[in-house]
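Single-letter residue listing:
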Amino acid sequence: MNKLFTCITITLALTACNATVKTNTTSITNIPETSVETPKNIIMVVADGMGPAYTTAYRYFKDDKTTAHIEETVFDRHLLGLSSTYPARESGYITDSAAGATALSAGIKTYNGAIAVDVNKKPVNTVLQWAKKQGKKTGVVVTSQVNHATPAAYITHNESRENYNAIADSYLDNGINTDLILGGGWKYFIREDRNLVSEYIQADFQYIDNYQAISQLAPQKPVLGLFAEVGLPAALDDSNPHRLSMMTKAATSHLANDNGFFLLVEASQVDWAGHGNDIASAMAEMDDLAKTMEYLELYVKNNPDTLVVLTADHSTGGLTVAANGKYIWQPALLHQIKKSPKTLAKQLAKSDLTQNEISTILNFEVSKLEAQQLQQAKYKGFEQREKYRNLSKTAQAKMKEPSVEKFMHKAVKRLIDSRTNTGWTSGGHTGIDVPIYALGKQHDIFSGQLDNTDIAEKLFSLLGKKQ
Ligand SMILES: [Zn+2]
């Protein structure tokens, strides 16, 4: 009932809106109808794992405490609706990133793990592939490896997201359909059995492997840019904590052409921070995404013939802003954390440290009790490792050697949670609806309660595909 009402409202609003545009345009110029309604450039931004708690948390994380009000964020300015994220019936209510990305790229529900194939494992057309066929340039910018679930579900097809090498191979073997690829993943492109980078160069691509080279790209020549073995370093550990916005800027200027472009941008590591229940990394990834969206706001202002849509494929970690019955959330501490908890844990695991030394590494004052808790986590790690080392070889083969760093990593994250009063309910995905944001030409058709498949359907119809 609600959905029906929303549909009617949107249809009416659209009809009204189009009617006005058409009348105005025909009286002034003779631009063909399609160029009025269809944005020349479409930028789809997927924030992997970004449920509504992430954008809420980010608002308070960025709040300037010296002012009376709480400042709005770039997300607050463009919120339009909510999207359901459930996968095909056989995978229940909770999606993974592959089925979620396939819904967003192809407009169909499929099983968890599927890369742009339907429940019968049959390949399905994606918006990126369709845009390419319409003569647009296409690009993909991610902070994960470029053959990870989300980018793969726009570029190619595979029955399983786990087939990383086959997915990378297919980017070439199925016919190159992407003019620009930026992200991580040397490991999958430069292998013993095949060097995909050389093959891309033979196909007349320019290849770059460091951020500095991004500013010196030859215009017009397609580009493959891989900047890490697998995913890029976490925002907190990267030489450029705003690498997503930097790559997005480069992509928009590289892809600009008379026929327009389709660009997929993925803030891949919001999800990884969520899986790790790591609020410090989550806010750093959100900050990179916010910078990207602020840049895209400006881009739309200068290039009004552009549509930008941002949504998430699902929420991750069950993040909550405040926990344990206490009505407080204190994100200020997060601004002092300059390295990821994983990197901090490595430094803390090295040797016995005093309370002061721990405070110096973490870049915030820890109490005597907190210092003791961190030391205890380290001893627990040593103890478990000793136990493992005393096992027989056959018993050892059945399990991984416990890592002291892992114990420390968990302890550092729990300390940050306790200081900020952040809560998590899961190490996996959750089924809550995710926010939809849109700006630029035709942005208003993305409002209301939508399903993830509606987003692809709307993009297809903007790109002139009859359903
Ligand atoms: Zn995930």
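Residues numbered from 1 in each chain as written. Predicted model: local features only at pLDDT ≥ 70, side-chain atom pairs only at ≥ 80, totals over all residues. Heavy atoms only, no water.

Within an unreviewed UniProt entry, the label attached to the protein chain reads Alkaline phosphatase, and the organism entered is Litorilituus lipolyticus. Turning to the protein chain, the UniProt record has this under Sequence similarities (unreviewed entry): "Belongs to the alkaline phosphatase family." (UniProt positions renumbered as here; feature names shortened; annotations may be inferred.)

Looking only at helices and strands, one finds 19 helices and 14 strands in the protein chain. A globule of 467 residues ought to have a C-alpha radius of gyration of about 23 Å, and the protein chain, at 23 Å, matches this closely. Once the C-alpha set of the protein chain is aligned to its principal axes, its extents read approximately 80 × 60 × 45 Å. Within the protein chain, contacts between residues separated by at least 24 positions form 73% of all contacts whose residues are at least 6 apart in sequence. A total of about 20800 Å² of accessible surface is found on the protein chain, and carbon and sulfur atoms cover 54% of it. One way to put it: in the protein chain the 48 positive side-chain charges average out to a point 3 Å from where the 49 negative ones average out. (Helix = DSSP H or I, 4+ residues; strand = E, 2+ residues; numbered from the N terminus. Rg over C-alpha atoms; globule rule 2.2 N^0.38 Å. Contact = heavy atoms within 4.5 Å. Areas by Shrake-Rupley, 256 points an atom, 1.4 Å probe, with all protein chains shown as cover. Lys, Arg positive; Asp, Glu negative; His and termini not counted. Charge placed at Lys NZ, Arg CZ, Asp CG, Glu CD.)

Further remarks concern the coordination of the zinc ion. Protein coordination at the zinc ion comes from Asp 271 (OD), Asp 271 (OD), His 275 (NE2) and His 429 (NE2), with a distance range of 2.0 to 2.4 Å. Taken together, the four donor atoms surrounding the zinc ion define angles of 55 to 153 degrees at the centre, an arrangement classified as irregular. Counting gaps between the donor residues of the zinc ion yields the pattern D-x3-H-x153-H. Separated by 154 residues along the polypeptide, His 275 in helix H12 (residues 269-275) and His 429 in strand S12 (residues 429-430) bring together distant segments of the chain. According to the relative accessible area criterion, His 275 is partly exposed, its value standing at 34%. (Donors = N, O, S within 2.8 Å, 3.2 Å for Na, K, Ca; no water. Tetrahedral: all angles 85-135°; square planar, octahedral: opposite > 155°, others 65-115°. Buried < 20%, exposed > 50% of the residue type's maximum accessible area, 1.4 Å probe, protein only.)

Along an α-helix, a turn takes 3.6 residues, which lines up residues three or four apart on a common side. Along its 17 residues, helix H18 (residues 404-420) runs 25 Å from first to last C-alpha, staying within 8% of the 24 Å computed at 1.5 Å per residue. Taken as a whole, H18 has its buried residues at Val 404, Met 408, His 409, Ala 411, Val 412, Lys 413, Leu 415, Ile 416, Asp 417 and Thr 420. Of the surrounding elements, those touching the buried residues of H18 are helix H13 (279-302), helix H14 (341-349), helix H15 (355-362), helix H16 (368-389) and strand S11 (422-423). Near the N-terminus of H18, the side chain that reaches the backbone nitrogen of Glu 405, with its oxygen 3.3 Å away, is that of Ser 403. Once H18 finishes, Asn 421 follows within two positions and takes phi at roughly 60 degrees, a positive value. (Expected span 1.5 Å × (residues − 1). Polar contact = N/O pair within 3.5 Å; in protein donor to acceptor, adjacent residues only side chain to side chain.)

Right, let's talk about the environment of Pro 52 for a bit. Mapped onto the elements of the fold, Pro 52 is located in helix H3 (residues 52-62). Relative accessible area serves as the criterion here: at 28%, Pro 52 is assigned to the partly exposed category. The residues contacting Pro 52, other than those within four sequence positions of it, are Ile 432, Asp 433, Val 434 and Pro 435.

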